[in-house]
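# Observations on the three-dimensional arrangement
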4 protein chains.
Amino acid sequence: MVEGPPLRADAQRNRARILDAAEAVFAEFGPRASTEEVARRAGVAIGTVFRHFPTKDDLLAAIMKRLLTQLVEEAGQRDLFAFFTLMVAQAAAKKTVADLLAGSGMNIRLPDAVGHLEEAVGRLLEQARAAGVVAAPVRLAEVMALLASVCQGALHGGWDEQLQARTLAVIFAGLKRY
Amino acid sequence: MVEGPPLRADAQRNRARILDAAEAVFAEFGPRASTEEVARRAGVAIGTVFRHFPTKDDLLAAIMKRLLTQLVEEAGQRDLFAFFTLMVAQAAAKKTVADLLAGSGMNIRLPDAVGHLEEAVGRLLEQARAAGVVAAPVRLAEVMALLASVCQGALHGGWDEQLQARTLAVIFAGLKRY
Amino acid sequence: MVEGPPLRADAQRNRARILDAAEAVFAEFGPRASTEEVARRAGVAIGTVFRHFPTKDDLLAAIMKRLLTQLVEEAGQRDLFAFFTLMVAQAAAKKTVADLLAGSGMNIRLPDAVGHLEEAVGRLLEQARAAGVVAAPVRLAEVMALLASVCQGALHGGWDEQLQARTLAVIFAGLKRY
Amino acid sequence: MVEGPPLRADAQRNRARILDAAEAVFAEFGPRASTEEVARRAGVAIGTVFRHFPTKDDLLAAIMKRLLTQLVEEAGQRDLFAFFTLMVAQAAAKKTVADLLAGSGMNIRLPDAVGHLEEAVGRLLEQARAAGVVAAPVRLAEVMALLASVCQGALHGGWDEQLQARTLAVIFAGLKRY
DNA sequence: GATGAATGAGCATTCATTCAT
DNA sequence: AATGAATGAATGCTCATTCAT
């Protein structure tokens, strides 16, 4: 990985503001929101956004990476079911992750960040299996698939807490007694 | 529902061709595909598309309605698990349904069509419960939620047949032993 | 060559106005002039320009083709020296031809149009040789090279009539007594 | 000419590096190359470029001046025909001179430097006339015009050595037997 | 003096929608 | 009813230039 020189303090501040703004804007309007809107909300000129992220896809990828990293950290502090529940609860707030993990037309590759999340979930899965709360034949692939699916569903379906709980209950039951 | 005068024969033919073209185009490129491309594939002029569907959203809604109607018919001929499996398998082919059920930025309301689908699935659920293959406390709401979620997941995740089968297996197990 | 259906009358009128405007604008400001300026001068909206010429390069190529075609016609009615003189005299007015023949960074290929011009000059050269006013060993390649060079020179140098005449006199003398 | 205080040693070094970089960059990409690219290749920050040359045109003018000065020196060591040949051969390498002598959209005035070149060529012309290899009535103006033209032609036309030789042969013959 | 981040006007291009033919 | 040309707001991106560090 090529690292440039450390950013100047003001540049670092702007980079963070842009990422925050982008996360909010894309969460609200989806990845089709305009880069201008991101700049406006970050309080910088459009050129500044493009200096930090040469293309819109770079910006989206950066948000994704940050969100996924947060998720990996959160995974370290929970069991599989709790993590599942957390992700679903946050899905709406993290519209961007859900949408972009899904790949809505953007050219974004995040093998590393996604890989780390998969590893983290893998660890949770092993613990769950060891604790006897997930059946032996359940593999990581379908757990990831279910996770992604339910996040999408929650995100777009606008589930209330009840519905979310009942839907997850079905999945958790299935994982336990596969 | 307000019905205008019956369409002229050629107008009716054009309407159908536009819907077919739109289904194909949006399935291939997603809802961001241009209306011009739809017109081109339908072999009509762009103005004709807009005469039949005053906005792009109207066109998308019309496709959705048609697809949902087909789904309702297919639901009548299957049991719950088979219908689930069919929908997931078709998710990629019907990118539009999945995306738009999800509401990717478009302003589309289809209460009727979605309602009919929900009723159809409700009937399958009752049959499944009666047959003892779905646990009593499982409600329609979470079944619909799971259905929508897994379609989204399959669509965007590019699942192979194996993964699809294993993922559905978890859900079916959960429905049975909730 | 693929020919679409014949253009509607209004479209044909606009196409011509755009070409005229483009010729004038690019003659005045060079190929870097904005497409908006062309639209403005043509009295059409920017979208109309892009409907007729999907990229800026297409527009530039179209101008070039038209100008080169005119030149070929003019070549048919003159002898070699007169044609040389005419082209130089028009160089400034046809800045675009000169600049783009030179290839100022644009991605334009006009093999046909340029080829036709070369053929026309070739015919003039043969006549001149037959008339004994051009030495036998002079080839078409260097005549074209001189033609292009002197056009560029006249264009950018802002020659007055005297200078133009004296410069061409040197070249004509060289062609005669090579 | 107004001279400021003498430059600090590092400033002088930077000025030279910027000019070298600019010459290379503009030779490679033409005058449309970005000033950032020049800074990058010079190994300085963009601000430094603009401190030394307040506008891009100033930078281009400075390169021109340096190149023209070199040409004047080279003129002193050659006869007219050799100088002509040298310039044409170098035209591609010195894209910038050719382009900017031509004035491709930039606002650049270099009366002094161009004047010196003209004087140098004037001396070559007198020597050639005295040696009887250029006809008496040939004036400096058309010699300069031919020089500029052929440089432009060679530059943009991508002539090979043969074509270059044959084209110059016509001009030299014309100069001799005007 | 040097640095390099920020600015913002400007550009090519797209596309839903309108309307004259 | 169909056609397809015209519209023009919007978007991603560039780059000369300024100015805080």
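Residues numbered from 1 in each chain as written. Chains lettered and ligands numbered in written order. Predicted model: local features only at pLDDT ≥ 70, side-chain atom pairs only at ≥ 80, totals over all residues. Heavy atoms only, no water.

An unreviewed UniProt entry lists chain A under the name TetR family transcriptional regulator, with Micromonospora arborensis as the source organism.

### Some words on the overall build of chain A
What counts here: Here a strand is any run of E in DSSP of at least two residues, a helix any run of H or I of at least four, and the numbering for each starts at the N terminus. A 1.4 Å probe rolled over the protein chains alone gives each residue an accessible area, and that area as a share of the maximum for its type sets the label: buried under 20%, exposed over 50%, partly exposed in between. The criterion used for residue contact is that any of the two residues' heavy atoms lie within 4.5 Å. Areas reported here follow the Shrake-Rupley algorithm with a probe of radius 1.4 Å; residue values treat only the protein chains shown as occluding.
Secondary structure assignment for chain A yields nine helices and zero strands. Counting across all 178 residues of chain A, residues that qualify as buried make up 48%. Considering only residue pairs separated by 6 or more positions, chain A has 69% of its internal contacts joining residues 24 or more positions apart. When the accessible surface of chain A is summed, it comes to about 8800 Å², and 52% of that surface belongs to carbon and sulfur atoms.

### Observations regarding the environment of A89 of chain B
Take A89 of chain B: it is sitting in helix α5 (residues 80-90). Distance in space between the C-alpha atoms of A89 of chain B and D160 of chain B is 9.6 Å, their sequence separation being 71 residues.

### A few points about the protein's contact with DNA strand E
Going by this rule: Near is defined per residue: the residue qualifies when any heavy atom it owns lies within 4 Å of the molecule or strand. Any N or O atom pair separated by 3.5 Å or less is treated as a polar contact, with the protein-specific requirement of one donor-capable and one acceptor-capable atom, and with residues adjacent in sequence counted only for side-chain atom pairs. Three classes are used: nonpolar for Ala, Val, Leu, Ile, Met, Phe, Trp, Tyr, Cys and Pro, charged for Asp, Glu, Lys and Arg, and polar for all others, with Gly counted as polar.
As a matter of local geometry, DNA strand E sits amid 35 residues, with N14, T48 and R51 of chain A, F50 of chain B together with T48 of chain D nearest to it. For DNA strand E, the backbone makes up 68% of the atoms found within 4 Å of the protein, where backbone means sugar plus phosphate. Within the backbone of G47 of chain A, a nitrogen or oxygen atom sits 3.5 Å from a base nitrogen of DNA strand E. Of all the secondary-structure elements, those providing two or more residues to the surface near DNA strand E are α1 (9-29) and α3 (46-52) of chain A, α3 (46-52) of chain B, α3 (46-52) of chain C together with α1 (9-29) and α3 (46-52) of chain D. Class assignment of the residues belonging to the surface near DNA strand E gives a composition of 14 nonpolar, 14 polar and seven charged.

### Some points on the UniProt feature "DNA-binding region" (unreviewed entry) in chain A
We count it as follows: UniProt positions are given in the numbering used here, feature names are shortened, and annotations may be inferred rather than shown by experiment.
The sites that carry the UniProt feature "DNA-binding region" (unreviewed entry) are, in the present numbering, residues 34-53 of chain A. A distance of 14 Å separates the end C-alpha atoms of residues 34-53 of chain A, which is 75% helix and 0% strand.

### Digging into the interface of chain B and chain A
Applicable threshold: In short, buried area is how much 1.4 Å probe accessible area vanishes from two parts on joining, totalled over both. By convention in these notes, a salt bridge is any Lys or Arg side-chain nitrogen within 4 Å of a carboxyl oxygen on Asp or Glu.
Opposite the 27 residues of chain B that make contact, chain A presents 28 residues. Of the roughly 2500 Å² buried where chain B meets chain A, counting both sides, 63% is carbon and sulfur surface. Broken down residue by residue, the surface that chain B buries against chain A is led by R32, R166 and V170 of chain B, which jointly contribute 25%. Our count for the contact surface shared by chain B and chain A stands at two salt bridges. The tally of links from chain B across to chain A stands at four residue pairs in polar contact (both at pLDDT 80 or more). Breaking the side of chain B that touches chain A down by element, the ones donating at least two residues are α8 (140-157) and α9 (161-176) of chain B.

### Considerations on the protein's contact with DNA strand F
Surrounding DNA strand F, one finds 34 residues, the nearest of these being T48 of chain B, N14, T48 and R51 of chain C together with F50 of chain D. Here G47 of chain B contributes a backbone N or O atom positioned 3.1 Å from a base nitrogen of DNA strand F. Within the contact set of DNA strand F, a phosphate oxygen lies 3.4 Å away from a side-chain nitrogen or oxygen of R51 of chain B. Elements with a minimum of two residues in the surface near DNA strand F: α1 (9-29) and α3 of chain B, α1 (9-29) and α3 of chain C together with α3 of chain D. In the surface near DNA strand F, the residues fall into 13 nonpolar, 14 polar and seven charged.

### A word on the pattern of salt bridges
Side chains that differ in charge, positive against negative, can pair when their charged atoms come close. Within the structure shown, the criterion is met by 26 salt bridges over all chains. Two residues, E142 of chain C and R166 of chain D, come together in a salt bridge whose shortest N-O distance is 3.0 Å. Taken together, the residues E142 of chain C in helix α8 (residues 140-157) and R166 of chain D in helix α9 (residues 161-176) connect one chain to another. Accessibility assignment for this pair places E142 of chain C and R166 of chain D in one class, buried. Where salt bridges share partners, they join E28, E37, R40 and R41 of chain A into one cluster.

### A look at the packing of helix α5 (residues 80-91) of chain C against α8 of chain C
Residue and element names in this part refer to chain C. Here is the rule: Geometry is summarised by axes, namely lines fitted to C-alpha atoms with helices restricted to the contacting stretch, and by angles between N-to-C directions that run from 0 to 180 degrees. Orientation categories follow fixed angle ranges, with anything under 35 degrees roughly parallel, anything over 145 roughly antiparallel, 65 to 115 roughly perpendicular, and all other angles oblique. Take the far helix as your reference; a near helix turned counterclockwise from it by less than a right angle gives a left-handed crossing, and one turned clockwise gives a right-handed crossing.
At a minimum axis separation of 8 Å, α5 and α8 run at an interaxial angle of 30°. By the angle between their directions, the pair α5 and α8 is classed as roughly parallel. As α5 runs across α8, the sense of the crossing is right-handed. Counted together, L80, F83, F84, M87, V88 and A91 of α5 and V143, L146, L147, V150, C151, A154 and L155 of α8 form the full contact between these two elements. Its residues placed into classes, the contact of α5 with α8 shows 13 nonpolar, no polar and no charged.

### Details of the packing of aromatic side chains
Residues and elements named next belong to chain A. As a reminder, the rule being used: Aromatic pairs are defined between Phe, Tyr and Trp rings, using the six-membered ring for Trp, whenever the two ring centres lie within 6.5 Å; interplanar angles under 30 degrees are classed as stacked, those over 60 as edge-to-face, and all others as tilted.
Following the criterion strictly, the structure yields eight aromatic pairs over all chains and no others. Between F84 and F172 the ring centres are 5.7 Å apart and the planes differ by 90°, which places this aromatic pair in the edge-to-face class. Taken as a pair, F84 in helix α5 (residues 80-90) and F172 in helix α9 (residues 161-176) lie far apart in primary sequence, 88 residues in all. F172 sits in the buried class, given a relative accessible area of 15%. An aromatic cluster is present here, built from F81, F84 and F172 joined pairwise through their rings.

### Focus on the relation of the copies chain B and chain A
Here two copies of a chain appear, and what relates them is a rotation about an axis with a shift along it. To be explicit about the condition: A residue counts toward the fit only if its pLDDT is at least 70 in both copies, and the copies are then superposed by least squares on the C-alpha atoms of those residues.
For the match of chain B to chain A, the screw axis carries a shift of 0.0 Å, the RMSD comes to 0.4 Å, and the turn is 178°. The transformation just described matches what one would write down for a two-fold rotation axis. Closest approach to the rotation axis among the C-alpha atoms of chain B is made by G174 of chain B, whose C-alpha sits 1.8 Å away. Most of the interface of chain B is mirrored in chain A, where 100% of its interface residues are also at the interface.

### Digging into a positive patch on the surface
Convention followed: Nonpolar side chains (Val, Leu, Ile, Met, Phe, Trp, Tyr) are joined into patches within 5 Å and like charges within 9 Å, using only residues with over 30% relative accessible area and no salt bridge. Positive: Lys, Arg. Negative: Asp, Glu. His and the chain ends are not part of the count. For this purpose, a charge sits on NZ of Lys, CZ of Arg, CG of Asp or CD of Glu.
On the surface, K176 and R177 of chain A together with K176 and R177 of chain B cluster together into a patch of positive charge. Tracing the backbone shows R177 of chain B in the segment after α9.

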